[in-house]
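Observations on the model geometry
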Amino acid sequence: MTWIDVSQPLHADVATWPGDTTFSYEIAWSMAESGSVNVGKMTLSLHLGTHIDAPFHFDDHGKRVIDLDPSLYIGPVRVIHLPHKVKIEASDLDGHDLTGVERLILKTDGWPDKRVFPETIPELTPSLADRLGELGIFLIGLDLPSVDAIDSKEMSAHHALARNGVHILEGLVLDNILPGDYDLNAVPLPIVEGDGSPVRALLRPIL
Ligand SMILES: Nc1ccccc1C(=O)C[C@H](N)C(=O)O
Ligand SMILES: [Zn+2]
Ligand SMILES: [Zn+2]
């Protein structure tokens, strides 16, 4: 079975958090100039497209990307569908048996057009973060640009997840993904000081 790409392509028009650094790519040194090769250069916010958050993103004393175990982002994952929510809370998991699940992806359908940055999105509640912690889930992924509301200053979901040892993977493209069990591969770059990192996120159905 082949891997399915669930990442947003990186190009100049990728939707960016309002006011944040957009994506740009240029050839810094062309074949003509160098005499041998094209050498590219890119600039981007570490929180655009499909990416992971390091705790330093929302906590001055939190871990940087280099401190995060890459194994968090490789391995079995459960995808569940929770569409049309304003808030996603612990009780939304009630119908789901998540015994043994370590990585969980929420397909919320809350960011339908990835070319446009959303004005409002479902937010995760601290009660959900606590439930994930109790279940032993250490990675939450979702098809949204944030686990908090767009206008949040408290970042209460980010903090509650971190308190519960749950790591964050944002901006997945799940339109063609059905609920079920998959293998995940979404490893960050070894950015030593990074508060986040873009990832190439891939899913492969477990049959
Ligand atoms: N408040 C911001 C201001 C500027 C740039 C990004 C944000 C974010 O909150 C990003 C989002 N929570 C993220 O984790 O990617
Ligand atoms: Zn982020
Ligand atoms: Zn975030």
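Residues numbered from 1 in each chain as written. Chains lettered and ligands numbered in written order. Predicted model: local features only at pLDDT ≥ 70, side-chain atom pairs only at ≥ 80, totals over all residues. Heavy atoms only, no water.

**Topic: the coordination of the zinc ion (ligand 2)**
Note the following rule: Sodium, potassium and calcium take a 3.2 Å donor cutoff, other metals 2.8 Å, and in both cases only N, O and S atoms count; water is not among them, so sites may look incomplete. Under this scheme a four-donor centre is tetrahedral when all angles range from 85 to 135 degrees, a four-donor centre is square planar and a six-donor centre octahedral when opposite donors are above 155 degrees with the rest from 65 to 115, and any other centre is irregular. Three labels apply to residues, based on accessible area from a 1.4 Å probe with only protein chains included: buried if under 20% of the type maximum, exposed if over 50%, partly exposed otherwise in between.
Protein ligation of the zinc ion (ligand 2) involves His 47 (ND1), His 51 (NE2), Asp 53 (OD) and Glu 170 (OE), the donor distances falling in the range 2.0 to 2.4 Å. Seen from the zinc ion (ligand 2), its 6 donor atoms lie at angles of 59 to 178°, and the figure they make is irregular. Summarised as a motif, the one-chain spacing of the donors to the zinc ion (ligand 2) is H-x3-H-x1-D-x116-E. A spacing of 3.4 Å is found between the zinc ion (ligand 2) and the zinc ion (ligand 3), which share Asp 53 as a donor. Across the pair, exposure class does not vary: His 47 and Asp 53 are buried alike.

**Notes on the packing of helix α2 (residues 126-135) against helix α3 (residues 156-163)**
Operational definition: Note on method: axes are straight lines fitted to C-alpha atoms, helices fitted across the in-contact stretch only, with angles between N-to-C directions ranging 0 to 180 degrees. Going along the chain from the N terminus, every DSSP run of H or I of four or more residues is numbered as a helix, and every run of E of two or more is numbered as a strand. Note on terminology: angles under 35 degrees are roughly parallel, angles over 145 are roughly antiparallel, angles of 65 to 115 are roughly perpendicular, and the others are oblique. Left-handed describes a crossing whose near helix is turned anticlockwise from the far helix by less than a right angle; the clockwise case is right-handed. For this analysis, residues touch if any pair of their heavy atoms sits within 4.5 Å.
The geometry of α2 relative to α3 is characterised by a closest axis approach of 8 Å and an angle of 15° between their N-to-C directions. Compared by their axis directions, α2 and α3 come out roughly parallel. Crossing handedness for the pair α2 and α3: right-handed. Here Pro 126, Ala 129 and Leu 132 of α2 come into contact with α3, specifically with Ser 156, Ala 160 and Leu 161.

**Details of the coordination of the zinc ion (ligand 3)**
Taken together, the protein ligands of the zinc ion (ligand 3) are Asp 53 (OD), His 158 (NE2), Glu 170 (OE) and Glu 170 (OE), with distances of 2.0 to 2.7 Å. Here the donor residues for the zinc ion (ligand 3) map to a single chain with the spacing D-x104-H-x11-E. Look at Glu 170 and you get buried, because its relative accessible area is 2%.

**Side note on the site of ligand 1**
Note the threshold: By convention in this text, a residue qualifies as near a molecule or strand provided that one of its non-hydrogen atoms is within 4 Å of it. Polar contacts here mean pairs of N or O atoms no more than 3.5 Å apart (in protein, one a potential hydrogen donor and the other a potential acceptor; neighbouring residues in sequence count only if both atoms are side-chain atoms). Residues are grouped as follows: Ala, Val, Leu, Ile, Met, Phe, Trp, Tyr, Cys and Pro are nonpolar; Asp, Glu, Lys and Arg are charged; all remaining types, including Gly, are polar.
Taken together, the residues surrounding ligand 1 are Trp 17, Asp 20, His 47, His 51, Asp 53, His 57, Pro 145, Ser 146, Met 155, His 158 and Glu 170. Take Pro 145: an N or O atom from its main chain is 3.5 Å from an oxygen atom of ligand 1. Partitioned by chemical class, the residues of the shell around ligand 1 number 3 nonpolar, 5 polar and 3 charged.

**Overview of α3**
Those residues of α3 not exposed but buried are Ala 157, His 158, Ala 160 and Leu 161. Directly beyond the C-terminal end of α3, a positive phi value near 70° is found at Gly 165.

**As for the pairing of strand β5 (residues 74-81)**
As a general feature of sheets, a regular strand has side chains that alternate between the two faces. Defined as follows: Think of it this way: DSSP has to see at least two bridges between two strands before they count as a pair.
The pairing of β5 with strand β11 (residues 180-185) spans 6 bridges and is classified as antiparallel. Bridge pairing links Gly 75 to Leu 184 in β11. Across 4 bridges, the pairing between β5 and strand β7 (residues 103-107) is parallel. The residue bridging Val 79 from the neighbouring strand is Ile 105, located in β7.

**Notes on the UniProt feature "binding site: substrate" (unreviewed entry) in the protein chain**
Formally: UniProt positions are given in the numbering used here, feature names are shortened, and annotations may be inferred rather than shown by experiment.
Per the UniProt record, the feature "binding site: substrate" (unreviewed entry) sits at Trp 17. For Trp 17, the position within the fold is in the loop between β1 (4-5) and β2 (24-29). For Trp 17, a relative accessible area of 27% puts it in the partly exposed group.

**A closer look at α2**
To be explicit about the condition: This arc describes the spread of directions from the helix axis toward the C-beta atoms.
Every buried residue of α2 is listed here: Leu 128, Ala 129 and Leu 132. When α2 is viewed along its axis, its buried side chains cluster within an angular range of 100° and face the same direction. Once α2 ends, the next one or two residues include Gly 136, with phi positive near 80°.

**Comments concerning the sheet that holds strand β4 (residues 51-53)**
The 9 strands lie next to each other as β1-β13-β11-β5-β7-β9-β10-β4-β12, forming an open sheet whose pairing is mixed. With partners counted over all chains shown, the strands left at the sheet margins are β1 and β12 (196-198), one partner each. When β4 meets β12, the two strands line up antiparallel, connected through 3 bridges. Paired with Ile 52 across the bridge in β12 is Ser 197.

**Quick look at the pattern of salt bridges**
The condition is simple: Any carboxyl oxygen of Asp or Glu that lies within 4 Å of a side-chain nitrogen of Lys or Arg is treated as forming a salt bridge with it.
Applying the stated criterion across every chain yields a total of 8 salt bridges. The partner of Arg 115 in a salt bridge is Asp 113, with the nearest N and O atoms 3.1 Å apart. Taking the shortest distance from any N to any O, the salt bridge between Arg 204 and Asp 183 comes out at 3.5 Å. Taken together, the residues Arg 204 in strand β13 (residues 202-205) and Asp 183 in strand β11 connect sequence positions 21 residues apart.

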